[in-house]
Amino acid sequence: MKKNIFLFCSISFFLAFFSFYSCNTTEPEELNAGRRDYTWTVDTLLPPESHRYVPFGISNLWGSSPNDMWAVCSGASSQILLWHYDGYKWSLYPQQLGRDLLGIYGFAQNNVWIGDLENSIWHFNGSNWSKAKSLSLPGFDRVDVSYFCGITSNNIYAVGGADQFNGGTEYKGILLHYDGNDWKFVNIPDIRAGFYMVVRKASTGELLIYGFNSDIGFLDKIFVYDGKNINEIYSDYKEPVLEEMNGEVYVTLERKIYKYNNGNLNFWKDFPGTSFLAFKSGRSEKDFFGASIEGLLHYNGTDLQAIYKTYPKNIGLYRVFVFEKDVFISAYEEETQLKFVIRGTLKN
C-alpha cells in the first residue's frame, strides 16, 4: 500500500512548532525574514560491505537536538535500517528492530517512538529500544504504523494500514492513540485506504490524515478527524503533500500551497515562474523551505531562492527536519543509489 508521495522532494516528520497568539487588543508579533547563510555538510548512510548492495531507503527523520538525530529506513535487512547521528557522524545503531521501519517521533532523547511495517511499535528510553506494542486486527494479516503526531508525551496519535498480504484483497486505514499507558485502536469506520501521514491543526485539535486507495492506481485522499468523527475532504489523483508548521496545516496541490481551515483547503500562496514543487517544513511563514528539481528552496517573506542546489544530478529531497539554527534533509541519488542526509547550519 506504500508509495512515494513526495514527488522529487516528498513526507513529516518535519515536526509542529506551536505558536500562541495574544488577544485581539495586541498586534501580532512581526515575523522576521528567514536567514539563508547556511554552512552545508553531507553524510552518506553507507552500510557495511556485507550489506553494501542490499536495497533500503530513508523513511523518516526525527531528533531531540542537532546532536541527537535518528533516521529510520525501510529495506530487506533489519541490520541496516536504524541510524543515529551524534553531532559528528551518522552510524548504524547496534540494536536491530523489525524490518521496514516507517514512522518515528519523540519528545526527548529518552522518549522516542518508531512504527514498522510488521505489527510493531517500538520505544527508546535513552539506553535501549524495546517493543512497546504488538498490533493485530481480526481478518487482517498485517498492521503497519507509518506516521506519528505527538501532542504531549501522554497524548500521541499514529496512522497506518491493515491488509491481507497473504492472498486477500481487503485493506483499511487505522488510527491509533497512546494515553500514557497503552496504544489502542481508535474506533473509526472502515475506510478502504491506507493511511500514510497525519498532522494536527493546533487551534482546533483536528487531525488531517493523508491516505490513498490503491484499487485503480493511487487515488489520493485527505480525511479530517475531530476526535469523534472522520470525514473525507479531498479525493483525486494529484498527490497532495501535507506539512505542519506552527500549528497550521499546509497542503501542496499542483505546486500551489493551501491552508486548512474549518473543513476546507484554502489557497494561500504559489510561486509562478519558478521551479517550486512542494512546501516543506519551516520556522514561520517568512522562513520556510520548498523543494524542486533545482534542490532545496527557501522563502524569506519576499522571494524564493534555491539555497542548496542538486541539479543537474538526479537527487530527490524527502524529509525536512528543522531546528532553530539547523535543518536536516534526507536525500537519495538515482544514479548511484546512495542515501544521505544533508545538514545546514546557520552561521553565528
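What the protein contains, in helices and strands, is zero helices and 28 strands. The C-alpha radius of gyration computed for the protein amounts to 19 Å, which stays within 12% of the reference 20 Å derived for 348 residues, consistent with globular compactness. Along the three orthogonal principal directions, the C-alpha set of the protein runs to about 55 × 50 × 40 Å. The burial tally for the protein puts 54% of its 348 residues in the buried class. Summed over its atoms, the accessible surface of the protein is roughly 15600 Å², and 47% of this surface lies on carbon and sulfur atoms.

In this section: the pairing of strand 19 (residues 248-253). Of all six residues making up strand 19, five are buried, and the element is well covered by its neighbours. Two strands pair when backbone bridges link them, and strand 18 (residues 241-245) and strand 19 are joined in this way by five bridges, in the antiparallel orientation. Within strand 19, the position partnered with Val-241 by the bridge is Thr-252. Examined bridge by bridge, strand 19 and strand 20 (residues 256-261) share four bridges and lie antiparallel to one another. Among the inter-strand pairings, Val-251 is bridged to a residue of strand 20, identified as Tyr-258. Between strand 19 and strand 20, which pair antiparallel one after the other, the connecting turn spans two residues, and Glu-254 there sits at a positive phi close to 50 degrees.

Of all 11 residues in strand 10 (residues 142-152), nine are buried; the element is thus mostly enclosed. Direction of pairing for strand 10 relative to strand 11 (residues 155-163): antiparallel, over a ladder of nine bridges. Looking at strand 11, one finds that Thr-152 is bridged to Asn-155. The hairpin formed by strand 10 and strand 11 contains two residues between the paired strands.

Here we come to the nonpolar core. Note on soluble globular proteins: their nonpolar side chains tend to be buried together. Among the nonpolar cores identified, the biggest contains 44 residues, and Trp-90 and Trp-129 are the most heavily contacted of them. A per-element tally of this core places strand 3 (residues 68-75) first, with five residues. Ignoring any residue separated from it by four or fewer positions in sequence, one finds Trp-129 in contact with Trp-70, Leu-82, Tyr-93, Gln-95, Leu-97, Val-112, Trp-113, Ile-114, Trp-122, His-123 and Phe-124. With 31 residues, the next largest nonpolar core counts Ile-188, Phe-195, Met-197 and Val-249 among its residues.

Inspection of the entire model under this criterion finds 18 salt bridges. A salt bridge links Glu-285 to Lys-259, with the shortest nitrogen-to-oxygen separation between them at 2.9 Å. With Glu-285 in the loop between strand 22 (278-284) and strand 23 (287-291) and Lys-259 in strand 20, the pair connects residues that are 26 residues apart, well separated along the chain. Using a relative accessible area of 24% as the deciding quantity, one classes Glu-285 as partly exposed. Across the salt bridge formed by Asp-326 and Arg-343, the nearest N and O atoms sit 2.8 Å from each other. On the criterion of sequence distance, the pair formed by Asp-326 in strand 27 (residues 326-333) and Arg-343 in strand 28 (residues 339-346) is long-range, its members being 17 residues apart. Among the residues examined, Asp-326 registers a relative accessible area of 6% and is labelled buried. Salt bridges here are not isolated pairs; linked through shared partners, they connect Arg-99, Asp-100 and Glu-118.

Let's shift gears to the environment of Pro-312. The residue Pro-312 is located in the loop between strand 25 (304-309) and strand 26 (315-322) in this model. Placed 101 residues apart in sequence, Pro-312 and Gly-211 show a C-alpha to C-alpha distance of 32 Å.

The strand order across the open sheet built from four strands is 1-28-27-26, with neighbouring strands paired in antiparallel fashion. Across the chains shown, the open sheet's two edge strands, defined by having one partner strand only, are strand 1 (38-44) and strand 26. Between one strand and the next, the sheet's axes are offset by a mean angle of 25 degrees, whatever the strand orientation.

An order of 14-15-16-17 is seen for the four strands of this open sheet, with the pairing classed as antiparallel. The two strands at the open ends of the sheet, each matched to only one other strand, are strand 14 (194-201) and strand 17 (230-236). Geometrically, the sheet is characterised by an average inter-axis angle of 20 degrees between neighbouring strands, direction not taken into account. In the sheet, strand 15 (residues 206-213) pairs with strand 16 (residues 219-225) via seven bridges, with the strands oriented antiparallel. Residue Phe-212 lies in a different strand from strand 16, and its bridge partner there is Asp-220.

Further remarks concern the environment of Lys-131. Along the chain, Lys-131 turns up in strand 9 (residues 129-134). Separated by 76 residues in the primary sequence, Lys-131 and Leu-207 place their C-alpha atoms 26 Å from one another. Discounting residues that sit within four places of it in the chain, Lys-131 has contacts with Ser-120, Ile-121 and Trp-122. A distance of 3.4 Å separates the side chain of Lys-131 from the side chain of Ser-120, its partner in a polar contact.

Under the criterion given, the structure shown has 31 aromatic pairs. Relative to Trp-83, the ring of Phe-56 has its centre 6.5 Å away and its plane inclined at 15 degrees; by these criteria the two rings are stacked. Remark: Trp-83 occurs in strand 4 (residues 82-85) and Phe-56 occurs in strand 2 (residues 56-65); sequence separation between them is 27 residues. Accessibility assignment for this pair places Phe-56 and Trp-83 in one class, buried. Three or more aromatic residues joined by ring pairs make a cluster, and in this case those are Tyr-250, Trp-268, Phe-271, Phe-276, Phe-279, Phe-288 and Tyr-299. One cation-aromatic arrangement involves Lys-269 over Trp-268; the distance from NZ or CZ to the ring centre is 5.1 Å. Above the ring of Phe-56, the side-chain terminus of Lys-339 is found at 5.0 Å from the ring centroid.

Procedures and definitions
- Residues numbered from 1 in each chain as written.
- Predicted model: local features only at pLDDT ≥ 70, side-chain atom pairs only at ≥ 80, totals over all residues.
- Heavy atoms only, no water.
- Helix = DSSP H or I, 4+ residues; strand = E, 2+ residues; numbered from the N terminus.
- Rg over C-alpha atoms; globule rule 2.2 N^0.38 Å.
- Buried < 20%, exposed > 50% of the residue type's maximum accessible area, 1.4 Å probe, protein only.
- Areas by Shrake-Rupley, 256 points an atom, 1.4 Å probe, with all protein chains shown as cover.
- Pairing = 2+ DSSP bridges.
- Core = buried A, V, L, I, M, F, W, Y, C linked by side-chain atoms within 4.5 Å.
- Contact = heavy atoms within 4.5 Å.
- Salt bridge = Lys/Arg side-chain N within 4 Å of Asp/Glu carboxyl O.
- Axes fitted to C-alpha atoms, helices over the stretch in contact; angles between N-to-C directions.
- Polar contact = N/O pair within 3.5 Å; in protein donor to acceptor, adjacent residues only side chain to side chain.
- Phe/Tyr/Trp six-rings, centres within 6.5 Å; stacked < 30°, edge-to-face > 60°.
- Lys NZ or Arg CZ within 6 Å of the ring centre and 35° of its normal.

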